[in-house]
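Each chain, letter by letter, is given below.
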Amino acid sequence: MDWLQVAVLSIVQGLTEFLPISSSAHLILVPVLTPWDDQGLAFDVALHLGSLAAVVLYFRHELRRMIVSWADSLRGRAADEDARLAWWVLLATIPVCVVGLVFHDAIEVGMRSPLIIAAGLIGFGVLLGYADWRHRGARSEYQLTLKDALLIGGAQALALIPGTSRSGITITAALLLGLSREGAARFSFLLSIPVIVLASALEILGLVSADRAVDWSTLVVGSLLSGISAYLCIHYFLVFIRRIGMQPFVVYRIVLGLWLLWLFW
């Protein structure tokens, strides 16, 4: 890869990982719409690790409290709000793990076409717009119940369909359950941590089994750019939705989806 490709892919991954516009769709579309070859598994791992570092750094104080309280709850102490939130994040991750393991090959082979991406962008974009318009709750992520967490986790499994957007579908589900925009987004970001860890672990296993040379300078730069853009995205996204809402992202998804339909139909 040349450095322009490294920069574009890294920034696209960092921004779209947490915006409700589907990172997988954009990373699939870049080689489709440009003369660039596929970036390869090693680079994908580096980008995901950069995004993971960004979300962990941003929520480091919350994560520290959650881990300590969760560990205390394992030792028999009554679960406080931080321990419950940690449990909800873990339990909400189970559905996507099960579906991903069972249907991984089918998704990778049969669901990466631009038309499926377009349908996912438009369909789930309209659903996000409806959820944001229909009901604006006031609950934070600390006021979730077990039922809420499982429903959001079930919705997250749909993000395996390219074009859906993991953050988009989890924010949609959380909004429909009465969370505030910021609460929905924050829980979605916390949910991304175990998902990225598990996805990266699977990619690393595939990388270890593949006997290929590694361009470490490319991986380091890609990871740094992905992490920086992801961190800035998280911060400004939370500010943006508090003031304006989700509708600009809905419009973007629909326009991009229609353009893909026109281009590839």
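Going by the structure above, here's the rest.
Treat the numbers as computed from the prediction; the structure is a model and nothing was measured.

A. Region of the structure containing the overall build of the protein chain. If you tally the helices and strands in the protein chain, you get eleven helices and zero strands. Helices and strands appear in the protein chain in the N-to-C order α-α-α-α-α-α-α-α-α-α-α. Its C-alpha atoms give the protein chain a radius of gyration of 18 Å, within 12% of the compact-globule value 18 Å for 265 residues. By principal-axis analysis of the C-alpha atoms, the protein chain measures approximately 55 × 40 × 35 Å. The burial tally for the protein chain puts 49% of its 265 residues in the buried class. The long-range share in the protein chain, meaning contacts at least 24 apart out of those at least 6 apart in sequence, stands at 82%. Counting 18 positive and 19 negative side-chain charges, the protein chain places the averaged centre of each group 12 Å from the other.

B. Looking closely at unusual backbone geometry. Residue Ser 22 is not a glycine yet carries a positive backbone phi of 80 degrees. Mapping Ser 22 onto the fold places it in the loop between helix H1 (3-16) and helix H2 (23-33). Despite not being glycine, Ser 165 shows a phi value in the positive range, around 85 degrees.

C. Main features of the packing of H1 against H2. The interhelical angle for the contact between H1 and H2, taken along N-to-C directions, is 160 degrees, at an axis separation of 8 Å. Compared by their axis directions, H1 and H2 come out roughly antiparallel. Two packed elements cross with a definite hand, and for H1 against H2 that hand is right-handed. On H2, the residues that touch Leu 9, Val 12, Gln 13 and Thr 16 of H1 are Ser 23, His 26, Leu 27 and Val 30. Tallied by class, the residues present in the contact of H1 with H2 amount to four nonpolar, four polar and no charged.

D. The nonpolar core, seen in detail. With 46 residues, the main nonpolar core has Phe 187, Phe 189 and Phe 237 as its most contacted residues. Per element, the largest residue contribution to this core is eight residues, and it comes from helix H9 (residues 181-209). Dropping the residues within four chain positions of it, Phe 189 is found in contact with Phe 18, Val 55, Phe 59, Arg 166, Ile 234, Phe 237 and Leu 238.

E. Expanded view of the packing of aromatic side chains. The final tally for this structure, using the stated rule, is nine aromatic pairs. Ring centres 5.4 Å apart and planes at 65 degrees place the aromatic pair Tyr 58 and Tyr 231 in the edge-to-face group. With Tyr 58 in helix H3 (residues 41-58) and Tyr 231 in helix H10 (residues 216-243), the pair connects residues that are 173 residues apart, well separated along the chain. Under the relative-accessibility criterion, Tyr 58 is labelled buried at 19%. We classify Tyr 231 as partly exposed; its relative accessible area is 29%. Residues Phe 59 and Phe 189 carry aromatic rings whose centres are separated by 6.4 Å and whose planes lie at 50 degrees to one another, so their mutual orientation is tilted. Here Phe 189 lies in helix H9 and Phe 59 lies in the loop between H3 and helix H4 (60-74), a separation of 130 residues in the sequence. Taken together, the ring pairs connect Phe 18, Tyr 58, Phe 59, Phe 189, Tyr 231, Phe 237, Phe 240 and Phe 249 into an aromatic cluster.

About the criteria used
- Residues numbered from 1 in each chain as written.
- Predicted model: local features only at pLDDT ≥ 70, side-chain atom pairs only at ≥ 80, totals over all residues.
- Heavy atoms only, no water.
- Helix = DSSP H or I, 4+ residues; strand = E, 2+ residues; numbered from the N terminus.
- Rg over C-alpha atoms; globule rule 2.2 N^0.38 Å.
- Buried < 20%, exposed > 50% of the residue type's maximum accessible area, 1.4 Å probe, protein only.
- Contact = heavy atoms within 4.5 Å.
- Lys, Arg positive; Asp, Glu negative; His and termini not counted.
- Charge placed at Lys NZ, Arg CZ, Asp CG, Glu CD.
- Axes fitted to C-alpha atoms, helices over the stretch in contact; angles between N-to-C directions.
- Parallel < 35°, antiparallel > 145°, perpendicular 65-115°, else oblique.
- Left-handed = near helix turned anticlockwise from the far one by under 90°.
- Nonpolar A, V, L, I, M, F, W, Y, C, P; charged D, E, K, R; others polar.
- Core = buried A, V, L, I, M, F, W, Y, C linked by side-chain atoms within 4.5 Å.
- Phe/Tyr/Trp six-rings, centres within 6.5 Å; stacked < 30°, edge-to-face > 60°.

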